[in-house]
Amino acid sequence: MQFIPNIIFAILLGVGVYFFANNVKKLIRNIKLGKDVDRSDQKSERWANMIRIALGQSKMVKRPVSGFFHIVVYVGFIIINIEVLEIVLDGLLGTHRLFLPILGEGFYGFLIGTFEILAILVFISVTVFWLRRNVIKIKRFWNKEMTAWPKNDGNYILYFEMVLMTLFLVMNATDVHLQQSGTGNVISQFIVPLFHNVSFEGLHLIERIAWWLHICGILVFLNYLYYSKHLHILLAFPNTFYANLKPKGQFPNNKNVTKEVQLMMDPNADPYAAPAEDAGEPEKFGASDVTDLNWVQLMNAYTCTECGRCTSVCPANLTGKELSPRAIMMKTRDRLEEVGRNIDANKGTFQDDGKQLLGDDYIKQEEIWACTSCNACVEECPVNIDPLSIIMDMRQYLVMEQSAAPQELNAMMQNVENNGAPWQYSQMDRLNWVNEE
Ligand code: SF4
Ligand code: SF4
């Protein structure tokens, strides 16, 4: 009988880890639906970027208030979770505070005391975040894409963190031995008076309930990540590592177009030569659906924290245009999820569902053409996401596959082709202004 709690714990842990592993598998499968892109160069610069931006949060602190509180939550959450190791071992072995005799009362008390201070700081920080979202109503949290699930997700995670931190402190406050030792109870000692009239058995029961809810909450949180913007906790690291290192504004040449131009400019090339037999189908230009994007762009979509910093600096959005770079990332993720579900439902093969990322269901042409390609969104993103690259790939698709550029742009491109300049004048008339009075 005495092993029943250990068995229940092992089953819960196994189920939690099993579902998490399944979600990770699905995540990797979906990201791999993207085209290949080589980001194996400049390793040392990539490591430095990851350490500075993901681990060091260097871009977060550009906005000092949210940056500061985010660092507190980030550090607190990671360090407090060291305690989870002890909880898991206690749960499996049927022990109570396994590390106490190993580390000694003094050092163990110091660690638990540090965790308690961090727990209260995390609690305060997430309360500030909640106030900024729901009371102060900071504009970027209230853009039109932030309704329904994205809005609720932002709040759920804050409640989650508040509850987990409270359970941790209650667990310590009702642990009679910890309180009597007088070490490691720097914060929880102030909660103790709330349980003044509770018997020893009652305290033990509350401590056990808080302990179980705390670990179950962590397992639920682990599995909630896949459905939440909080995937960035894990993906910020690979995302910053594999980010584009080329100077902003340097767009990649389409290799098929480059080949065509080189052919046109090579005096020895035969423009009428038939394509080689093994040349295969010509590649599609640009992107109209998620499978036309590369895997880094798809990872970007899963990494987006929906913070809206990009949208808050986007000149198109600020001047009332339809475009929001955050929405571009959110829609890309939504469509990718839809494609993933389609593949799951059809035994591993995608069945055409008549939808695509570019179109009325997700990203509209109006959004794509509103972009000034200024790169402000890329510069501002705290985890190095590149919404502009998706926009440019879609533009390329519209121009080169659909000839669907806006009328003004078509006229300009025609002029460049015919007149060698964007204007509607013949090249012969270019110097006419010299003779003007
Ligand atoms: S690059 Fe485009 S989407 Fe990004 S901030 Fe500039 S206008 Fe907005
Ligand atoms: S793309 Fe970056 S800046 Fe924009 S919402 Fe996502 S994480 Fe925030």
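Residues numbered from 1 in each chain as written. Chains lettered and ligands numbered in written order. Predicted model: local features only at pLDDT ≥ 70, side-chain atom pairs only at ≥ 80, totals over all residues. Heavy atoms only, no water.

- As annotated in an unreviewed UniProt entry, the protein carries the name Fe-S oxidoreductase and is attributed to Wenyingzhuangia fucanilytica.

### Some remarks on the overall build of the protein
And step 1. Along the backbone of the protein there are 19 helices and zero strands.
And step 2. Taken over the C-alpha trace, the protein has a radius of gyration of 28 Å; the compact-globule value for 437 residues is 22 Å, which it surpasses by more than 25%.
And step 3. Counting only C-alpha atoms, the protein reaches 100 × 60 × 40 Å along its principal axes.
And step 4. In the protein, which comprises 437 residues, the proportion classed as buried is 44%.
And step 5. A separation of at least 24 residues holds for 75% of the contacts in the protein among residues at least 6 apart in sequence.
And step 6. When the accessible area of the protein is evaluated, it comes to approximately 24,300 Å², of which 63% is carbon and sulfur surface. (Helix = DSSP H or I, 4+ residues; strand = E, 2+ residues; numbered from the N terminus. Rg over C-alpha atoms; globule rule 2.2 N^0.38 Å. Buried < 20%, exposed > 50% of the residue type's maximum accessible area, 1.4 Å probe, protein only. Contact = heavy atoms within 4.5 Å. Areas by Shrake-Rupley, 256 points an atom, 1.4 Å probe, with all protein chains shown as cover.)

### Some remarks on the site of ligand 1
And step 1. Taken together, Cys314, Pro315, Leu323, Cys371, Thr372, Ser373, Cys374, Asn375, Ala376, Cys377, Leu388 and Ile391 make up the full set of residues near ligand 1.
And step 2. When contributions to the shell around ligand 1 are tallied by element, the ones reaching two or more residues are helix H17 (376–380) and helix H18 (387–400).
And step 3. Its residues assigned to classes, the shell around ligand 1 shows nine nonpolar, three polar and no charged. (Near = heavy atom within 4 Å. Nonpolar A, V, L, I, M, F, W, Y, C, P; charged D, E, K, R; others polar.)

### Observations concerning the site of ligand 2
And step 1. Residues in close proximity to ligand 2 include Cys304, Thr305, Glu306, Cys307, Gly308, Arg309, Cys310, Arg326, Met329, Cys381, Pro382 and Ile385, which together make up its full environment.
And step 2. Breaking the shell around ligand 2 down by element, the ones donating at least two residues are helix H13 (309–313) and helix H15 (325–345).
And step 3. In terms of residue class, the shell around ligand 2 is made up of seven nonpolar, two polar and three charged.

### Thoughts on the domain arrangement of the protein
And step 1. Split into domains, the protein comes out as domain 1 (3–32 + 63–231) and domain 2 (255–259 + 283–428).
And step 2. Relative placement of domain 1 and domain 2: their C-alpha centres are 39 Å apart.
And step 3. Contacts between domain 1 and domain 2 engage 21 residues on the former and 26 residues on the latter.
And step 4. Where domain 1 abuts domain 2, roughly 1,900 Å² becomes buried across the two surfaces, and 45% of that area is made up of carbon and sulfur atoms.
And step 5. For domain 1, the biggest contributors to the area lost against domain 2 are Ile31, Arg63 and Lys229; these three give 31% of the whole.
And step 6. Our count for the contact surface shared by domain 1 and domain 2 stands at four salt bridges. (Domains from an automatic or database assignment. Buried area = accessible area lost by both parts, 1.4 Å probe. Salt bridge = Lys/Arg side-chain N within 4 Å of Asp/Glu carboxyl O.)

### Quick notes on the environment of Met400
And step 1. By secondary structure assignment, the location of Met400 is in helix H18.
And step 2. Looking at Met400, the relative accessible area reads 37%, which means it is partly exposed.
And step 3. Taking the C-alpha atoms as reference points, Met400 and Tyr272, 128 residues apart in sequence, are found 21 Å from one another.

### Remarks on the layout of surface pockets
And step 1. Its boundaries defined by the atoms lining it, the second largest pocket holds a volume of some 950 Å³.
And step 2. Along its surface, the second largest pocket is lined by 41 residues, and His70, Glu161, His230, His232 and Ile233 are the ones closest to its centre.
And step 3. Elements with a contribution of two residues or more to the lining of the second largest pocket: helix H1 (4–31), helix H2 (43–55), helix H3 (64–80), helix H6 (105–134), helix H7 (148–173), helix H9 (200–224) and helix H10 (232–241).
And step 4. By residue number, the principal contributor to the lining of the second largest pocket is H3, which donates six residues.
And step 5. A class-by-class count of the residues in the lining of the second largest pocket yields 26 nonpolar, eight polar and seven charged.
And step 6. There are two domains that each give the lining of the second largest pocket at least three residues, and those are domain 1 (3–32 + 63–231) and domain 2 (255–259 + 283–428). (1 Å grid on protein atoms, 1.4 Å probe; cavity = no way out; pocket = protein on both sides within 12 Å on 5 of 7 lines; lining within 4 Å. Points joined across faces, edges and corners; volume = space filled by probe spheres on them.)

### As for the packing of helix H12 (residues 295–303) against H15
And step 1. In the contact formed by H12 and H15, the axes pass within 8 Å of each other and the chain directions differ by 105 degrees. Between H12 and H15, the angle is such that the two are roughly perpendicular. For the pair H12 and H15, contact is made by Gln297, Leu298, Asn300, Ala301 and Tyr302 and by Met329, Thr332, Arg333, Leu336 and Glu337, respectively.
And step 2. Grouping the amino acids of the contact of H12 with H15 by side-chain chemistry returns five nonpolar, three polar and two charged. (Axes fitted to C-alpha atoms, helices over the stretch in contact; angles between N-to-C directions. Parallel < 35°, antiparallel > 145°, perpendicular 65-115°, else oblique.)

### A look at H1
And step 1. Counted at 1.5 Å a residue, the expected span for H1 with its 28 residues is 40 Å, and the 41 Å between its end C-alpha atoms agrees.
And step 2. Among the residues making up H1, those that are buried are Asn6, Phe9, Leu13, Gly16, Asn23, Leu27, Asn30 and Ile31.
And step 3. Looking at the buried side of H1, the elements it contacts are helix H4 (82–93), H9, H10, H12 and H15. (Expected span 1.5 Å × (residues − 1).)

### A closer look at the nonpolar core
In summary, soluble globular proteins display a tendency toward joint burial of nonpolar side chains.
And step 1. One finds Tyr302 and Leu323 to be the most contacted residues of the largest nonpolar core, which totals 89 residues.
And step 2. Residue contributions to this core peak at 12 residues, all from H7.
And step 3. Mapped onto the domain boundaries, this core takes at least three residues apiece from domain 1 (3–32 + 63–231) and domain 2 (255–259 + 283–428).
And step 4. Tyr302 has contacts with Leu27, Asn30, Ile31, Tyr226, Leu231, Leu235, Arg333, Leu336 and Glu337, leaving out every residue within four places of it along the chain. (Core = buried A, V, L, I, M, F, W, Y, C linked by side-chain atoms within 4.5 Å.)

### Re a nonpolar patch on the surface
And step 1. A cluster of nonpolar residues, Phe3, Ile7, Ile11, Val15, Tyr18 and Phe19, forms a patch on the protein surface that exposes about 630 Å² of accessible area.
And step 2. In this structure Ile7 comes out as partly exposed when scored by relative accessible area, which is 48%. (Patch = residues over 30% accessible without salt bridge, like charges linked within 9 Å, V, L, I, M, F, W, Y side chains within 5 Å.)

### Notes on the side chain of Glu338
And step 1. Among the structural elements, Glu338 can be located in helix H15.
And step 2. With relative accessibility at 15%, the residue Glu338 sits in the buried group.
And step 3. Excluding its chain neighbours within four sequence positions, the residues that come into contact with Glu338 are Asp353, Lys355 and Tyr362.

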